[in-house]
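Chain by chain, the residues:
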Amino acid sequence: MEITFLGTSSAVHSQNRNHPAIVLKAFGEVMLFDCGESTQKQMIFAKISPMKISKIFITHYHGDHILGLPGLLQSMNFRGREKPLTIYGPKGLKKLMENIRELGVSDFDFQIESVEIENGTIAESDDYIIKAQKMKHNLTNYAYSIEEKKKPQFLREKAIELGVPVGPLFGKLHNGEEVEVDGNIIKPEQVLGEPKKSRKIVYSGDTLPCNDMIEFAKNSDLLIHESTYTLEDEDKAKENFHTTSADASRIASAANVNKLILTHFSTRYNNTSDLISQARLEFENCDLAYDLMVVKL
């Protein structure tokens, strides 16, 4: 799993921080979470092709999280995209897509499926499961979790010992299918060990600190949480339905996550040292995101 932070500011751009957008490369897919203004330009700098994006997940419809979407989709169309695209978001997504078409793109030459989400599982494959959970913001905001499905360890040497040739039959056995080799039936349990530990990533979107986030982020390998304010501006955080870095760290601690990365910073802070120092008092294993930062799990 590889995460690239394309934008780490909040409502206003700064010289070094763009509007929110995060790319996840995993399971042979490229997924985009939020799409603030300048997202496609940041993708150029990060050397990530928008043509490879399979899914886009929108947390909520504030401008700093969606204003890059019309341009990104138009660029995909201009470049001759044929691959279908699925976009997930709160209720209102279909209306948003209608409005984008009316803005200047009569239609797209590739299929776009708009999925209006509710709490629970919203996407699933053989390799992963993606869930959404409504949080507490001043309009509907969903956090997302991406969890790798537990698969048993494939005992390669045992398979070779049983005469299974290296190649496609390995995959079939790993997926639980019996295979035949020289008239002998090889069963999956003969070449599978204990399940591997699955990895889990959670992205908060914008939210007040809440118990729902603690439960949703339980035992995550990585929690990416908004951290718009310091403790000195806690009143503003509450007024604007955001989180301080200290509160985000308390959530990480209570949820027993392995690592916390803070993002979505107010431009009032030219120096972010207070944000990270206040966070580490509550949860030591945390960092501040910066534009074009890459994290691998």
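Everything below is about the structure printed above this text.
A.B. asks: Outline unusual backbone geometry, supporting the account with residue identities and numerical values.
C.D. replies: Despite not being glycine, K47 shows a phi value in the positive range, around 60 degrees. Position of K47 relative to the elements: it lies in the loop between α1 (39–46) and β4 (53–57). In this structure, F241 is a non-glycine residue whose phi angle is positive, near 60 degrees.

A.B. asks: Account for the nonpolar core, naming residues and giving values.
C.D. replies: Counting residues in each nonpolar core, the largest one holds 27 residues, and the members touching the most others are I3, F5, L24, F33 and I122. Aside from chain neighbours lying at most four places away, what touches F33 is A21, I22, L24, F57, Y144, I146 and Y203. Formed by 26 residues, the second largest nonpolar core is a distinct cluster that contains A143, V202, L223 and A252.

A.B. asks: Before we move on, could you go through the sheet that holds strand β9 (residues 142–148) and cite the residues and values that matter?
C.D. replies: Taken together, the seven strands give an open sheet; going across it, the order is β7-β8-β9-β14-β15-β16-β17, and neighbouring strands pair in mixed fashion. Bordering the open sheet on either side are β7 (120–124) and β17 (286–288), each of which pairs with just one other strand. With strand direction ignored, the average angle separating the axes of adjacent strands in the sheet is 20 degrees. Here strand β15 (residues 222–226) pairs with strand β16 (residues 259–263) via five bridges, running parallel. For E226, the partnering residue across the bridge sits in β16 and is T263.

About the cut-offs
Residues numbered from 1 in each chain as written. Predicted model: local features only at pLDDT ≥ 70, side-chain atom pairs only at ≥ 80, totals over all residues. Heavy atoms only, no water. Helix = DSSP H or I, 4+ residues; strand = E, 2+ residues; numbered from the N terminus. Core = buried A, V, L, I, M, F, W, Y, C linked by side-chain atoms within 4.5 Å. Buried < 20%, exposed > 50% of the residue type's maximum accessible area, 1.4 Å probe, protein only. Contact = heavy atoms within 4.5 Å. Pairing = 2+ DSSP bridges. Axes fitted to C-alpha atoms, helices over the stretch in contact; angles between N-to-C directions.

Purely geometric numbers; function is a separate question.
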